[in-house]
Amino acid sequence: MNMRIRSSLLAGALAATALAAGPVAASLPKGAEAPPVMTTGAMAGKAFSFDLAKALKSGPVVLYFFPKAFTQGCTLEARAFAEAMPDFKAAGAQVVGMSADDIETLKKFSTEECRNAFPVAQATPATIRAYDVALDMKNVSGLMSDRTSYVIAPDGRIAMVHSDSDWREHVSRTLEAVRALDR
């Protein structure tokens, strides 16, 4: 193999590794108006309707997008959000997980991994595109979202965005941003 091909392959491998392990870019900046979201979801195994505009009337909303229910990172992230729900509630915020999974999968995920603590909702292809959270790969049902968390202030503006394929800082960063809204 010649040196140019080897260098190209190495550069491609390094770029793929960096993308998979590190932050991903979301194009909705802090201060932007959050796109509307009207969808169905599940809370404690039961279907419900979610309307972001209505939810914001009660306070800030954390929309956290995740790729696929029951995968390792998504399960760990859901459990971490479930454990932190008393803190989010004390700060006056609602948390809603968003995924392209079907409603039956989300019903099961809402009880088993979200532990009935918060709802998960269907991220439609239009919502995934509006929030600029599309992964470059497709699953059987179409578009998948990356791992991006948005804190949306009651005025409908994005107060914080955190995009990173590593789930571990999403809860702490969104909670910190929600608490900062009261200052």
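Scroll up to find the structure this text is about.
Criteria and cut-off values
Residues numbered from 1 in each chain as written. Predicted model: local features only at pLDDT ≥ 70, side-chain atom pairs only at ≥ 80, totals over all residues. Heavy atoms only, no water. Pairing = 2+ DSSP bridges. Helix = DSSP H or I, 4+ residues; strand = E, 2+ residues; numbered from the N terminus. Buried < 20%, exposed > 50% of the residue type's maximum accessible area, 1.4 Å probe, protein only.

## Quick word on the pairing of strand β1 (residues 38-43)
- Examined bridge by bridge, β1 and strand β2 (residues 46-51) share six bridges and lie antiparallel to one another. Bridging from a neighbouring strand, Ala42 pairs with Ala47 of β2.
- Adjacent in sequence and paired antiparallel, β1 and β2 are bridged by two residues, among which Ala44 carries a positive phi angle near 55°.
- When β1 meets strand β5 (residues 120-122), the two strands line up antiparallel, connected through two bridges.

## What to know about the pairing of strand β9 (residues 158-163)
- Counting buried residues in β9 gives five out of six residues, a clear majority hidden from the surface.
- Relative to β9, strand β8 (residues 148-152) runs antiparallel, the two sharing five bridges. Residue pairing across strands places Ile152 opposite Ile158, the latter belonging to β9.
- The turn joining β8 and β9, which pair antiparallel and follow one another in sequence, is formed by five residues; a positive phi near 90° is taken by Gly156.

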